[in-house]
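Residue strings, one per chain:
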Amino acid sequence: MESDLQDYLIGAAFNIAVAIVIVRFIYYPWTQNRSYVFTFLAFNPTIYFVMALLTSIELSVGVGFGLFAIFSVIRYRTEEMPIREMTYLFIIIALPVMNSVIGDGDEADKIIVANIVIIALLFILEHEWGFKFEHHKKVTYEKIELITPARRGELIADLTELMGGLF
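Throughout, residues of each chain are indexed from 1 in the direction in which the sequence is written. Selection of residues for local features in this predicted model requires a pLDDT of at least 70, selection of side-chain atom pairs for listing and counting requires 80 or more, and totals for whole chains, interfaces and linings are taken over all residues. Note that water and hydrogens are dropped before the side-chain values are worked out from all heavy atoms of the structure.

A. Highlighting a nonpolar patch on the surface. Among the surface-exposed residues, Ile20, Val21 and Phe25 lie close enough to one another that they form a single nonpolar patch of about 250 Å² accessible area. Only DSSP runs of H or I covering at least 4 residues are called helices, and only runs of E covering at least 2 are called strands; the numbering of each starts at the N terminus. Within the secondary structure, phenylalanine 25 is located in helix α1 (residues 2-31). Exposure remark for phenylalanine 25: the relative accessible area of 53% places this residue in the exposed category. Each patch is built from salt-bridge-free residues with over 30% relative accessible area, joining like charges within 9 Å and nonpolar side chains (Val, Leu, Ile, Met, Phe, Trp, Tyr) within 5 Å. Throughout, the Shrake-Rupley method with a 1.4 Å probe supplies accessible areas, and for residues the shown protein chains are the sole cover considered. The salt bridge definition used is simple: a Lys or Arg side-chain nitrogen within 4 Å of an Asp or Glu carboxyl oxygen. Burial classes: relative accessible area under 20% of the type maximum marks a residue as buried, over 50% as exposed, and values in between as partly exposed (1.4 Å probe, protein chains only).

Structure (structure tokens):
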């Protein structure tokens, strides 16, 4: 019994550590978007604990995948979630489903390797190693009188000033 609790807590600590590494050291430094940090770090341990409890009472794997499917299709109706954040949300949801079986010592090494590969892949992709990504920025522009072909030069000058030379 004590060994089960210890495995449960070690698995939970490992899972949340991986989530923190991904969110704090890969996602956040690149995007500087705090909007989803709470969501990512709240979903991850919650799903881990639900999945670990489901496996501890020996429910079928189908129930776990059904729960995973429900969480993975969640959409926020108040604001559209960008594809990058949806990808991170999917990863943050998938990790605890995968990590919840870490208590079973036979699979622990595979799970650890899978977590390391996911972290490394995200790190590589966020640092654009070998890939060129377009960057975009949403701008609410109020000087609509400049949005004409005749005043293109003024528009570009104003946008350049507003965006700090990024245009």
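And the narrative resumes.
B. Just the confidence of the model for the chain, in detail. Per residue, pLDDT measures the predictor's confidence, with a range of 0 to 100. On average, residues of the chain score 81 in pLDDT, and 75% of them reach the 70 mark or higher. Put simply, helix α3 (residues 61-72) is where the chain has its lowest mean pLDDT, 64, and helix α5 (residues 108-126) is where it has its highest, 91.

C. Layout of helix α4 (residues 83-99). Between its first and last C-alpha, α4 extends 24 Å over 17 residues, near the 24 Å set by a 1.5 Å rise per residue. Three or more residues of α4 are buried, namely Glu85, Tyr88, Leu89, Ile91, Ile92, Ile93, Leu95, Pro96, Val97 and Asn99. The span you would expect from a helix comes to 1.5 Å times its residue count less one.

D. Region of interest: the packing of aromatic side chains. Two aromatic rings from Phe, Tyr or Trp, using only the six-membered ring of Trp, form a pair when their centres are within 6.5 Å; if the ring planes differ by under 30 degrees the pair is stacked, by over 60 it is edge-to-face, and anything between is tilted. If you walk through the whole model with that rule in mind, you get seven aromatic pairs. Arranged with centres 6.3 Å apart and planes meeting at 35 degrees, the rings of tyrosine 8 and tyrosine 48 form a pair that is tilted. Linking tyrosine 8 in helix α1 with tyrosine 48 in helix α2 (residues 37-56), this pair joins segments that are 40 residues apart in sequence. The partly exposed category is assigned to tyrosine 8, whose relative accessible area is 24%. Ring plane angle 65 degrees and centroid distance 4.8 Å describe the contact between tyrosine 27 and tyrosine 88, whose orientation is recorded as edge-to-face. You can see tyrosine 27 sitting in helix α1 and its partner tyrosine 88 sitting in helix α4, a full 61 residues away along the chain. Here tyrosine 27 falls in the buried class, since its relative accessible area comes to 0%. Clustering of aromatic rings is evident, with ring pairs tying together Tyr27, Tyr36, Phe40 and Tyr88. The rule is short: NZ of Lys or CZ of Arg within 6 Å of the ring centre and within 35 degrees of the ring normal puts a charge over the ring. Above the ring of phenylalanine 25, the side-chain terminus of arginine 24 is found at 5.7 Å from the ring centroid.

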